[in-house]
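An overview of the molecular structure
Here's the letter readout for the chains.
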Amino acid sequence: MADAERSETYGHMAVARRVAALRATVAGWKRAGESVGVVPTMGALHAGHMALVEAARRDCDRVITTIFVNPKQFNRPDDLQSYPREEASDADKLVAAGVDLLFAPPLQEVYPEGFQTKVSVSGLTNCLCGLMRPGHMDGVATVVAKLFLMTAAERAYFGEKDYQQLLVVRRMARDLDIPVDIVPVPTVRDADGLALSSRNALLSAEQRARAPAIHRTLTAMADKLAAGGAVGEVLAWGRSALEAAGFDKLDYLELRDNEQLEALESLDRPARLFVAAWMGPVRLIDNVAVVAGR
Ligand code: AMP
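The present account deals with the structure reproduced in this document. (Residues numbered from 1 in each chain as written. Predicted model: local features only at pLDDT ≥ 70, side-chain atom pairs only at ≥ 80, totals over all residues. Heavy atoms only, no water.)

Quick word on the overall build of the chain
To keep it simple, the criterion reads: Strands are runs of DSSP state E lasting at least 2 residues, helices are runs of H or I lasting at least 4, and numbering of each runs from the N terminus. To get the radius of gyration, use the C-alpha atoms; to get the globule rule, take the number of residues to the power 0.38 and multiply by 2.2 Å. Here's how the labels work: a residue is buried when its accessible area is under 20% of the maximum for its type, exposed when over 50%, partly exposed in between, all with a 1.4 Å probe on protein chains only. In these tables, accessible area is a Shrake-Rupley quantity obtained with a 1.4 Å probe, and a residue counts as shielded only by the protein chains included in the view. Counted as positive: Lys and Arg. Counted as negative: Asp and Glu. His and the chain ends are not counted at all. The atoms used to mark charge sites are NZ of Lys, CZ of Arg, CG of Asp and CD of Glu.
The number of helices and strands found in the chain is eleven helices and ten strands. Over its C-alpha atoms the chain spans a radius of gyration of 20 Å, differing by no more than 12% from the 19 Å that the globule rule assigns to 294 residues. C-alpha extents for the chain along the principal axes are approximately 65 × 40 × 40 Å. Looking at the 294 residues of the chain, the share that counts as buried comes to 53%. A total accessible area of about 13400 Å² is found for the chain, and carbon and sulfur atoms account for 50% of it. Averaging the locations of the 34 positively and 38 negatively charged side chains of the chain gives two centres separated by 1 Å.

So, in structure tokens, the structure goes:
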């Protein structure tokens, strides 16, 4: 076996830094007829990520988790710089959860000298985070396409917390004929409703105490819409509720359909409320389903 094909081990888990090592391990599994699931992450793992791992563990013979802080999906240098990196404790969590292989490549393994390709999904990316964070969704689509081709997994697990990302990744895999099923996993929240996120660690105690208002406001808005409230009025109410709760700036607060992300003026299709709001230096996102006639 060539050096590049060798994985390290950590407990019973293989750790691959090189694509060749990842591929050699996966090839062995596939020869044995085993199914493979992948959970792509940027690390600093929390219970939200672990829900994806657990779903993969239930469905697949073998589970790969990837940790790669992808510079191409960061549109602000300070965000990339402050993004938490905790590989040692992440590896412990993955071993405890029964993950078979951690793929944690260095930057040059993913983007070697001379890299020039971009995967870009249009339509779905012309709104929400796609609009507010230029280049972000292309960065996501590019790295996820590469991870799908590197791992050859037949299932990939994504959180509904990043709902637009989930739709973009699904569209990309279909459009490029990558044979992978995208499996959505519901958002995992703290007891006070705040969606778990690696960036929550960057909130001060006082900001963290105010942050759950984002989810409280979305659920109250969903209730108002379900009870027949007019979309424009409910959105205006939500905007002032978030402002009153101490959010500094709102990137968006919108009602959009579940599939194409078209903005809705009435609740005529399955829909979700989407928000991105700033609490101090941290940009929080969340979304909830709106069920008509609830
Ligand atoms: P990230 O490490 O932030 O890129 O996230 C990796 C994956 O975990 C993505 O599919 C996210 O949607 C998912 N994820 C992050 N936070 C949560 C959460 N609170 N609940 C469910 N999935 C999540």
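Focus on the sheet that holds strand 3 (residues 36–41)
The line we're drawing: Criterion used throughout: strands pair if DSSP finds at least two bridges between them. Helix axes are fitted only over the stretch in contact, all axes being lines through C-alpha atoms; the angle between N-to-C directions runs from 0 to 180 degrees. When checking whether two residues touch, look at their non-hydrogen atoms; a contact exists if any pair is within 4.5 Å.
Pairing within the open sheet is mixed, and its seven strands lie in the order 1-2-5-4-3-6-7. The open sheet terminates on both sides in strands that have one partner only, identified here as strand 1 (8–10) and strand 7 (181–185). Taken pair by pair, the neighbouring strands of this sheet meet at an average axis angle of 30 degrees, ignoring direction. Across six bridges, the pairing between strand 3 and strand 4 (residues 62–67) is parallel. The residue of strand 4 that forms the bridge with Thr-41 is Ile-67. Where helix 1 (residues 19–31) meets the sheet, its contacts fall on strand 2 (13–16), strand 3, strand 4 and strand 5 (101–103), and the angle it forms with strand 5 comes to roughly 150 degrees. Running over the sheet, helix 4 (residues 87–96) touches strand 1, strand 2, strand 4 and strand 5 and is turned about 70 degrees from strand 1.

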